[in-house]
Amino acid sequence: MGYGVINGSGKTPSFIALDVVDLRRVRDPYKKLRRIYESTVELMERYLPDEVAFEAPFYGKNVQSMLKLGRAQGVAMAAVLSRDVPVFEYAPRKIKLAITSAGDASKEQVAGMLMRMFGFKEMPRNLDATDGLAAAVCHFYQNGIELSKHGSGSWEDFIRKNPGRLK
């Protein structure tokens, strides 16, 4: 489970942390869920975030994998919500678009762009960490933009809903 932490005040995000919660040694699926919950609570207490962004589950052909991913995300979200912190979700394509301007970008391309953005000297060993950071950066870029749940999604609609964004 990857995570990234940024400071979102100002016009550009600043890097705080990125890493993974390594779950490979935990065999029992229920102990793995407990570890996800406990690790997420620890992260919440360490970084005290104002908001948390998750990558939304993507459609997959393997139902068992989707079920496991949904459970894992559910316990992580429950840990965040237990601290009264708002949760946001972004589709993988939206995250890739926000970081690379290409919705079909690879994990390596996303990681490369984040490396340049934050001045990392070397690529993280586990790209799940950069996935977590990418979700945080995507959320930063969405901040203040009211996205239409229904309707045209036109520029006129955007301007009407966000008059303060005009310069």
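Scope of this entry: the structure provided in the associated data block. The residue numbering used here restarts from 1 in each chain and proceeds along that chain's sequence as written. Totals for whole chains, interfaces and linings use all residues, but because this is a predicted model, local features are given only for residues with pLDDT of at least 70 and pairs of side-chain atoms are given and counted only at 80 or more. No hydrogens and no water enter the side-chain calculation; it runs on all heavy atoms of the structure.

### Observations concerning the overall build of the chain
Moving on, step 1. Helix and strand definitions here come from DSSP, where helices need a minimum of 4 consecutive H or I residues and strands a minimum of 2 consecutive E residues; each element is numbered from the N-terminal end. Per the secondary structure count, the chain includes 6 helices and 4 strands.
Moving on, step 2. Scanning the chain from its N terminus toward the C terminus, one meets helices and strands in the order β-β-α-β-α-β-α-α-α-α.
Moving on, step 3. Three exposure classes are used, based on accessible area relative to the maximum for each residue type with a 1.4 Å probe and protein chains only: buried under 20%, partly exposed in between, and exposed over 50%. Across the 167 residues of the chain, 35% fall into the buried class.
Moving on, step 4. The contacts of the chain with a sequence gap of at least 6 include a subset with a gap of at least 24, amounting to 55%. Only heavy atoms enter the contact rule, under which two residues are in contact if any of them lie within 4.5 Å.

### Considerations on the packing of aromatic side chains
Moving on, step 1. For Phe, Tyr and Trp, rings pair up if their centres lie within 6.5 Å, where Trp contributes its six-membered ring, and each pair is then called stacked (planes under 30 degrees apart), edge-to-face (over 60) or tilted (otherwise). Taken as a whole, this structure holds 4 aromatic pairs when the rule is applied.
Moving on, step 2. Between Phe-15 and Phe-118, the ring centres sit 5.9 Å apart and the planes meet at 50°, which makes this aromatic pair tilted. You can see Phe-15 sitting in strand β2 (residues 14-20) and its partner Phe-118 sitting in helix α4 (residues 107-118), a full 103 residues away along the chain.
Moving on, step 3. Taking 4.9 Å as the distance between ring centres and 75° as the angle between the ring planes, the aromatic pair formed by Phe-15 and Phe-120 counts as edge-to-face. Taken together, the residues Phe-15 in strand β2 and Phe-120 in the loop between α4 and α5 (127-142) connect sequence positions 105 residues apart.
Moving on, step 4. Phe-15 gets classed as partly exposed once you look at its relative accessible area, which sits at 32%.
Moving on, step 5. Looking at Phe-120, the relative accessible area reads 18%, which means it is buried.
Moving on, step 6. A network of ring pairs unites the aromatic residues Phe-15, Phe-118 and Phe-120 as a single cluster.

### Focus on helix α3 (residues 92-100)
Moving on, step 1. Buried within α3 are the following residues: Pro-92, Ile-95, Ile-99 and Thr-100. What you see down the axis of α3 is that its buried residues fit within an arc of 100°, all on one side.
Moving on, step 2. Its buried side turned inward, α3 meets β3 (52-55), β4 (87-90), α4 and α5.
Moving on, step 3. Following α3 by one or two positions, Ser-101 adopts a phi angle in the positive range, close to 70°. Directions from the helix axis toward the C-beta atoms define the arc.

### Some words on unusual backbone geometry
Moving on, step 1. The backbone of Asp-84 sits at a positive phi, close to 55°, despite the residue not being glycine.
Moving on, step 2. Residue placement: Asp-84 occurs in the loop between α2 (63-81) and β4.
Moving on, step 3. The class for Asp-84 is exposed, based on a relative accessible area of 72%.
Moving on, step 4. Phi angles above zero are rare outside glycine, and Ser-101 is one such case at about 70°.
Moving on, step 5. When you line up the elements, Ser-101 lands in the loop between α3 and α4.
Moving on, step 6. Take Ser-101: its relative accessible area is 64%, and that puts it in the exposed class.

### Concerning the environment of Val-21
Moving on, step 1. Counting through the fold element by element, Val-21 comes out in the loop between β2 and α1 (29-47).
Moving on, step 2. With relative accessibility at 8%, the residue Val-21 sits in the buried group.
Moving on, step 3. Sequence separation between Val-21 and Asp-128 is 107 residues, and the spatial gap between their C-alpha atoms is 9.5 Å.
Moving on, step 4. Excluding its chain neighbours within four sequence positions, the residues that come into contact with Val-21 are Met-1, Tyr-3, Arg-35, Ser-39 and Leu-43.

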